[in-house]
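Residue-level structure breakdown
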Amino acid sequence: MPSALDELKARLGRIADLDRAAALLAWDERTGMPPGGAQARAEQLATLAELGHELTVSDELAELIERAAGEVEGLPYESDEASLVRVARRDVERARRVPTELSGELARAASLAENAWVRARAESDFAAFRPYLERNVELRRRYAECFAPYEHPYDPLLDDYEPGLTTAELEPVLARLRDGLRPLVERYAGAGEDDSFLRGEFPADRQRALVERILASLPIPADERRLDPTPHPFLTAIAPTDLRITTRYDEDNLSMSVWSLLHECGHAIYENGIPHELSRTPLGRAVSLAFHESQSRMLENWVGRSRPYLAYLLPLMREAFPEQLGDIGLDRLYRAANRVERSLIRVDADEVTYNLHIILRFELEVALVRGELEVAELPDAWNQRMWDYLGVEVPDDASGVLQDVHWAAGAFGYFPTYALGNVIAGQLWELIRRELPDLDEQLERGELAPLRDWLRERLHRHGARFEPAEMVERLVGGGLDPAPLLAQLEARQAEVTGAARH
Ligand code: ZN
């Protein structure tokens, strides 16, 4: 007779397969599907999600987990077996707390709200979106209640993305980050290089050739990935050895395709480092969204905008676009790639201002969920904070409170994971610089395998076996700390703007 653990693995494998199949359908929807497929695709995705949910909340699975827990008793906490049972139990308990009727209602409301949001944003009409957002907030509060008791109604929402992290732990970290960033914006906004040489005319086919060359130099096996264009770049792993990387070719702006590629490849390298024996289990994923984002941000910003790596990129960029970049030197590229600007739109923001965009959203969504802010008051609260934190006046709601899809999609608790990803990347980068003394020389040669190997050994190979707080502790021997990120941003800006004076 097979053990309960073996049977548990087989069942979890089927759930994982349904998830990955859905991911493949979603990838196709965003890269190659003709528009006529939209209706059918929505039904196919809903069917896969329902099947996965039924398998996850079945009594058989819950019983199997308890029997397997008996079998793994006494095994070390971090062993594959004990971790598998622990993480599966957590996933299943969470899924079983939410009534099927409420899950359906959340999905339906989000889908209606997304449609309303597209129209409201196009017309910059917050009033038209308001009732949908009110409904989403109300449903998310009901969702949170499924996980009572909790200290804070935002805790269960955050827990969906950052297992174990509480609002009380997160608030002071982001407050310190905010208070450290505001003086940096004051000092450095607008002080850098004119980056107009990265704008202009950059034909998509030549951008593609450039991006393919950069991709070929990265430590991701060529037979384990493909690259496709999409309007909003993302990375999906169908398996650790089947990575779907995307980027966007904006013919007026070369930055978009190059740094989006690096960002998504940071995600891809993480997925690629998850061991195959974990990939069809609940351990076969990243520690959390923040950890995933720490990897993409590190490649995009700490590697991708560093002086040594730009020294590697510049000749490739010049070869692809000799007339636009032929007489651009490394100093100018370095300054342009690290330019700080006060801006309205989160997705276009630079590394110094970006986290303030996020913290503003975090503070507002916490206030909404806690009932301290009404949806009707949201645009004014948004505009006030944009002024306070970034010194930017918001001309209309389309470029203000309506710019992101997250709240329309019902995703409350998601925004802070971006800022946390940057915080974690800062902590990791400080450690990496100490432990890889030859990193700069390697980056100058475009040699990223040693960095990849370090990350794989310390982080990627563990999959989701540890919670975020455990993983941070194992990596840096402490908790979440924005100080390294702030120090590195300050050091880079001092170097960039100092260089500008020569
Ligand atoms: Zn990302």
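Residues numbered from 1 in each chain as written. Predicted model: local features only at pLDDT ≥ 70, side-chain atom pairs only at ≥ 80, totals over all residues. Heavy atoms only, no water.

Locating Arg226 in the fold gives a position in strand 1 (residues 225–229). With 182 residues separating them along the chain, Arg226 and Ala408 place their C-alpha atoms 31 Å apart. Dropping the residues within four chain positions of it, Arg226 is found in contact with Trp27, Leu243, Arg244 and Ile245. (Helix = DSSP H or I, 4+ residues; strand = E, 2+ residues; numbered from the N terminus. Contact = heavy atoms within 4.5 Å.)

Residues Glu201, Asp205, Glu251 and Asp252 make up a contiguous surface patch of negative charge. With respect to the helices, strands and loops of the structure, Glu251 is situated in the loop between strand 3 (242–247) and helix 10 (254–272). (Patch = residues over 30% accessible without salt bridge, like charges linked within 9 Å, V, L, I, M, F, W, Y side chains within 5 Å. Areas by Shrake-Rupley, 256 points an atom, 1.4 Å probe, with all protein chains shown as cover. Salt bridge = Lys/Arg side-chain N within 4 Å of Asp/Glu carboxyl O. Lys, Arg positive; Asp, Glu negative; His and termini not counted. Charge placed at Lys NZ, Arg CZ, Asp CG, Glu CD.)

Once that is clear, we can look at the side chain of Asp350. Structurally, the position occupied by Asp350 is in the loop between helix 14 (330–337) and helix 15 (351–370). Here Asp350 occupies a buried position and makes no salt bridge, while the nearest side chain of opposite charge, Arg339, is found at 7.6 Å. Within the structure, Asp350 has its side chain in polar contact with the backbone nitrogen of Val352 (distance 2.9 Å). With residues up to four places along the chain from it excluded, the contact list for Asp350 reads Arg339, Val340 and Glu341. (Buried < 20%, exposed > 50% of the residue type's maximum accessible area, 1.4 Å probe, protein only. Polar contact = N/O pair within 3.5 Å; in protein donor to acceptor, adjacent residues only side chain to side chain.)

What follows concerns the domain arrangement of the protein chain. As assigned here, the protein chain comprises domain 1 (4–149) and domain 2 (167–501). Across the contact, 39 residues belong to domain 1 and 49 residues belong to domain 2. Summing both partners gives a buried area of about 3,600 Å² for domain 1 against domain 2, and 60% of it is carried by carbon and sulfur. It is Arg20, Trp27 and Phe126 in domain 1 that bury the most area against domain 2; as a group they hold 21% of the surface buried on that side. Applying the counting rule to domain 1 against domain 2 returns five salt bridges. Here domain 1 is connected to domain 2 by 22 residue pairs in polar contact (both at pLDDT 80 or more). At 11 residues, the largest contribution of residues to the side of domain 1 that touches domain 2 is made by helix 1 (residues 4–31). By residue class, the composition of the side of domain 1 that touches domain 2 is 17 nonpolar, six polar and 16 charged. (Domains from an automatic or database assignment. Buried area = accessible area lost by both parts, 1.4 Å probe. Nonpolar A, V, L, I, M, F, W, Y, C, P; charged D, E, K, R; others polar.)

Turning to empty space enclosed by the protein, a few remarks are in order. Following the criterion strictly, the structure yields four cavities of 30 Å³ or more and no others. Volume-wise, the largest cavity comes out at about 100 Å³. Lining the largest cavity are Pro219, Gly266, Ile269, Gln295, Met298, Leu299, Val303, Leu448, Leu451, Arg452, Leu455 and His460. Listing elements by their share of the lining of the largest cavity, those giving two or more residues are helix 10, helix 11 (289–303) and helix 19 (449–458). Per element, the largest residue contribution to the lining of the largest cavity is four residues, and it comes from helix 11. Each residue belonging to the lining of the largest cavity can be placed in one class, and the counts come to eight nonpolar, three polar and one charged. (1 Å grid on protein atoms, 1.4 Å probe; cavity = no way out; pocket = protein on both sides within 12 Å on 5 of 7 lines; lining within 4 Å. Points joined across faces, edges and corners; volume = space filled by probe spheres on them.)

Before going further, it helps to spend a moment on the coordination of the zinc ion. Coordination of the zinc ion by the protein is provided by His263 (NE2), His267 (NE2) and Glu293 (OE), with metal-donor distances spanning 2.1 to 2.3 Å. Each donor residue of the zinc ion lies on the same chain, and together they follow the pattern H-x3-H-x25-E. Of this pair, His263 sits in helix 10 while Glu293 sits in helix 11; the two residues are 30 residues apart in sequence, bridging distant segments of the chain. The same class applies to His263 as to Glu293, namely buried. (Donors = N, O, S within 2.8 Å, 3.2 Å for Na, K, Ca; no water.)

The next point concerns the environment of Leu436. By secondary structure assignment, the location of Leu436 is in the loop between helix 17 (415–435) and helix 18 (439–444). Along the sequence, Leu436 and Pro450 sit 14 residues apart, while their C-alpha atoms lie 8.2 Å from each other. Excluding its chain neighbours within four sequence positions, the residues that come into contact with Leu436 are Pro450, Leu451 and Trp454.

Turning to the pattern of salt bridges, a few remarks are in order. According to the stated counting rule, one finds 42 salt bridges in the structure shown. Residue Asp91 is joined to Arg285 by a salt bridge in which the shortest nitrogen-to-oxygen separation is 3.1 Å. Of this pair, Asp91 sits in helix 4 (residues 80–97) while Arg285 is found in the loop between helix 10 and helix 11, placing the two residues 194 residues apart along the sequence. Judged by its relative accessible area of 23%, Asp91 falls in the partly exposed class. A single salt-bridge network, built from bridges that share partners, covers Arg90, Arg94, Asp159, Asp160 and Glu467.

One finds Tyr309 and Ile432 to be the most contacted residues of the largest nonpolar core, which totals 130 residues. Per-element tally for this core: the top contributor is helix 15, with 12 residues. Mapped onto the domain boundaries, this core takes at least three residues apiece from domain 1 (4–149) and domain 2 (167–501). Sequence-distant contacts of Tyr309, defined by excluding residues within four places in its chain, comprise Ile214, Ser217, Leu218, Leu262, Val303, Gly304, Leu443, Gly446 and Leu448. (Core = buried A, V, L, I, M, F, W, Y, C linked by side-chain atoms within 4.5 Å.)

To continue, consider the pairing of strand 2 (residues 235–239). Counting buried positions along strand 2 yields four of five residues, so the element is predominantly enclosed. With four bridges connecting them, strand 2 and strand 3 associate as antiparallel partners. Looking at the pairing, Ala237 lines up with Leu243 of strand 3. Counting the residues between successive antiparallel strands, the hairpin from strand 2 to strand 3 contains two residues. (Pairing = 2+ DSSP bridges.)

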